[in-house]
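Examining the three-dimensional arrangement
Listed here are the chains, written in short residue letters.
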Amino acid sequence: MSMPLESVPFSELLRQPTETAERLARTRALRLRRRDAADLVLMSADRAEAEGEVVDLTARLLASLVRQDPGLVREALPTVLPWVRFLPPEDAKQMAGEFIATAEAAAAVGNTAALSQLLTEWRHTAEIHADPDLHRILATPSADDFGPVPRPVSE
C-alpha cells in the first residue's frame, strides 16, 4: 500500500508551518525533502495511529491464518514477492516462517524496521540464486585465508 507522498522542501515547513501542515488534510502524508540528510515524513498523529493499528491487525491475522494452514504463506509469497521464485524450496519455506514470526513481533513492538531488513536480506539471497555464476562463486568453499580484515575507519 505504498502511495506516493506529496513532496515539499523542508524549508517550506519552516517558512510556512501552518499552510504546510494544512496540506495534510488533502494528502496521506508529506515528504519533507532535506538537502543534507534523509527526508522526513510528516503525517497526522491520528493517521499514524490508524496505520499502526492496520499493520498490527494484519500481522496478527496473517499469523493466525498461518497457524491454521502453514503452507498458505509459502503459496502466496511468490505472487506478492515474485523474486521468491528464485529461492530453493527449503529457503522459501524458511523465509515464510521468518516472515510471519518477524511480522508478528514487529507489530507487537510497533516498529517494522526488522521486517524491512528481513525482506531485504531474503531478496539479496534470491538475487544470488538467480545468477548462476554469482551463486557458483559464493557457494564454492574457499581454501585460502585472506588474512585479517582491517577495522573500518569511522568518519
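Remember, it's a predicted structure, so these values are computed and weren't measured experimentally. (Residues numbered from 1 in each chain as written. Predicted model: local features only at pLDDT ≥ 70, side-chain atom pairs only at ≥ 80, totals over all residues. Heavy atoms only, no water.)

Helices and strands together make up the secondary structure of the protein, namely 7 helices and 3 strands. If you list the helices and strands of the protein from N to C, you get β-α-α-β-β-α-α-α-α-α. Taken over the C-alpha trace, the protein has a radius of gyration of 21 Å; the compact-globule value for 155 residues is 15 Å, which it surpasses by more than 25%. Along the three orthogonal principal directions, the C-alpha set of the protein runs to about 65 × 50 × 25 Å. By residue count, 22% of the 155 residues in the protein fall in the buried class. Taking the contacts inside the protein whose residues are at least 6 apart along the sequence as the reference set, 42% of them involve residues at least 24 apart. Of the charged side chains in the protein, 17 are positive and 24 negative, and the gap between their average positions amounts to 5 Å. (Helix = DSSP H or I, 4+ residues; strand = E, 2+ residues; numbered from the N terminus. Rg over C-alpha atoms; globule rule 2.2 N^0.38 Å. Buried < 20%, exposed > 50% of the residue type's maximum accessible area, 1.4 Å probe, protein only. Contact = heavy atoms within 4.5 Å. Lys, Arg positive; Asp, Glu negative; His and termini not counted. Charge placed at Lys NZ, Arg CZ, Asp CG, Glu CD.)

With that settled, the discussion passes to a nonpolar patch on the surface. Where nonpolar side chains cluster on the molecular surface, the patch consists of L57, L61, L65 and L72 and spans about 350 Å² of accessible area. Here the nonpolar patch takes 3 residues from helix 3 (residues 45–68), the largest share from any one element. Counting through the fold element by element, L72 comes out in helix 4 (residues 71–80). (Patch = residues over 30% accessible without salt bridge, like charges linked within 9 Å, V, L, I, M, F, W, Y side chains within 5 Å. Areas by Shrake-Rupley, 256 points an atom, 1.4 Å probe, with all protein chains shown as cover. Salt bridge = Lys/Arg side-chain N within 4 Å of Asp/Glu carboxyl O.)

Here helix 6 (residues 113–130) is 18 residues long and its end C-alpha atoms lie 26 Å apart, about the 26 Å a rise of 1.5 Å per residue gives. All of the buried residues along helix 6 are L115, L118, W122 and A126. When helix 6 is viewed along its axis, its buried side chains cluster within an angular range of 75 degrees and face the same direction. For helix 6, the secondary structure elements touched by its buried residues are helix 5 (89–109). (Expected span 1.5 Å × (residues − 1). Arc of directions from axis to C-beta.)

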